Amino acid sequence: MPRVAVFCGAAAPTDAVYVSAAASVGAHLAEHGVHVVYGGSRLGMMGALADSALAAGAQVTGIIPRSLHVPRIVRPGLSTLITVPDMTVRKARLLQGADAILALPGGFGTLDELAAAWGSAAHHEHAKPIGLLNTDHFYDPLLTFLNGAATAGFLAHHPHLRLENLAVVDTDPAALVDALIARAAPPPAACRTLASSRAGT
Ligand SMILES: C/C(=C\CNc1ncnc2c1ncn2[C@@H]1O[C@H](COP(=O)(O)O)[C@@H](O)[C@H]1O)CO
């Protein structure tokens with residue numbers, strides 16, 4: 001069962017379109033048989049994601065720092081809840097346990113988690129596909145920033161991370177989940193055999 005780490009806003013957004021998008025992502029991940037790993041909160045988009053994924057039958061693991069493990073924040077009834085010492089450990093655990101990463105709209109925490117995923121990919125620590133849910137074109141300014149950084153040469157040390165491969169981006173939750181799962185899936189057995197015989201394994 002593939003595991004997808006989802007980063008998304010913990011606060012209640014002003015526009016309900018973000019909450020519906022999170023719920024839709026949760027349902028589509030469940031449809032694909034994905035084990036959802038996220039920050040363990042009941043609030044905002046995080047809560048909507050977990051509620052819909054669980055309702056649709058997905059396994060949902062929450063990874064929560066000790067400081068946030070309080071009834072007001074933690075989502076009861078998760079398949080698994082893991083408590084970690086702090087936000088930094090949580091960020092690492094979210095990334096380590098996943099086959100793919102999905103960032104929905106959010107604030108500082110989401111941006112921090114997403115930047116860490118790109119930062120470690122830049123240094124060859126993983127090659128997990130990353131999806132960006134561009135609800136209401138929320139991520140357009142970040143994509144413009146990345147384009148500017150590439151044009152200015154700041155991404156030149158990481159030629160394996162071509163701009164067009166940094167993330168799968170879509171405004172539609174179903175299309176994004178489909179595209180991400182396709183990238184996370186292992187190659188068919190015949191290709192695997194060919195690849196491993198070339199590698200001499
Ligand atoms: C209600 C309050 C704090 C609750 N904060 C968080 N709860 C759960 N997860 C969080 C929280 N803050 C950061 N995270 C992680 O980052 C992402 C959400 O952060 P954002 O700033 O809302 O984008 C999310 O993916 C979590 O893993 C105050 O008392």
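Refer to the structure printed above.
Now for a description of the structure that goes with this document. (Residues numbered from 1 in each chain as written. Predicted model: local features only at pLDDT ≥ 70, side-chain atom pairs only at ≥ 80, totals over all residues. Heavy atoms only, no water.)

**What to know about the packing of helix 3 (residues 87-96) against helix 4 (residues 108-122)**
Axis separation between helix 3 and helix 4 bottoms out at 10 Å; the angle between their running directions is 60°. Taken together, the axes of helix 3 and helix 4 are oblique relative to one another. Of the two possible hands of crossing, helix 3 and helix 4 adopt the one that is right-handed. Of the residues in helix 4, those touching helix 3 at Arg 90, Lys 91, Leu 94 and Leu 95 are Asp 112, Glu 113, Ala 116, Ala 117 and Ser 120. (Axes fitted to C-alpha atoms, helices over the stretch in contact; angles between N-to-C directions. Helix = DSSP H or I, 4+ residues; strand = E, 2+ residues; numbered from the N terminus. Parallel < 35°, antiparallel > 145°, perpendicular 65-115°, else oblique. Left-handed = near helix turned anticlockwise from the far one by under 90°. Contact = heavy atoms within 4.5 Å.)

**Looking at the site of the ligand**
Taken together, 19 residues surround the ligand, and among them Ala 10, Gly 107, Gly 109, Thr 110 and Glu 113 come closest. Glu 113 places a polar side-chain atom, nitrogen or oxygen, 2.5 Å from an oxygen atom of the ligand. When the free accessible area of the ligand is taken as 610 Å², the share hidden by the protein chains comes to 76%. Listing elements by their share of the shell around the ligand, those giving two or more residues are helix 3 and helix 4. Taken together, the residues of the shell around the ligand sort by class into nine nonpolar, seven polar and three charged. (Near = heavy atom within 4 Å. Polar contact = N/O pair within 3.5 Å; in protein donor to acceptor, adjacent residues only side chain to side chain. Areas by Shrake-Rupley, 256 points an atom, 1.4 Å probe, with all protein chains shown as cover. Nonpolar A, V, L, I, M, F, W, Y, C, P; charged D, E, K, R; others polar.)

**A look at the packing of aromatic side chains**
Within the structure shown, the criterion is met by two aromatic pairs. Judged by centre distance (5.0 Å) and plane angle (90°), the rings of Phe 138 and Tyr 139 are edge-to-face. Three or more aromatic residues joined by ring pairs make a cluster, and in this case those are Tyr 18, Phe 138 and Tyr 139. (Phe/Tyr/Trp six-rings, centres within 6.5 Å; stacked < 30°, edge-to-face > 60°.)

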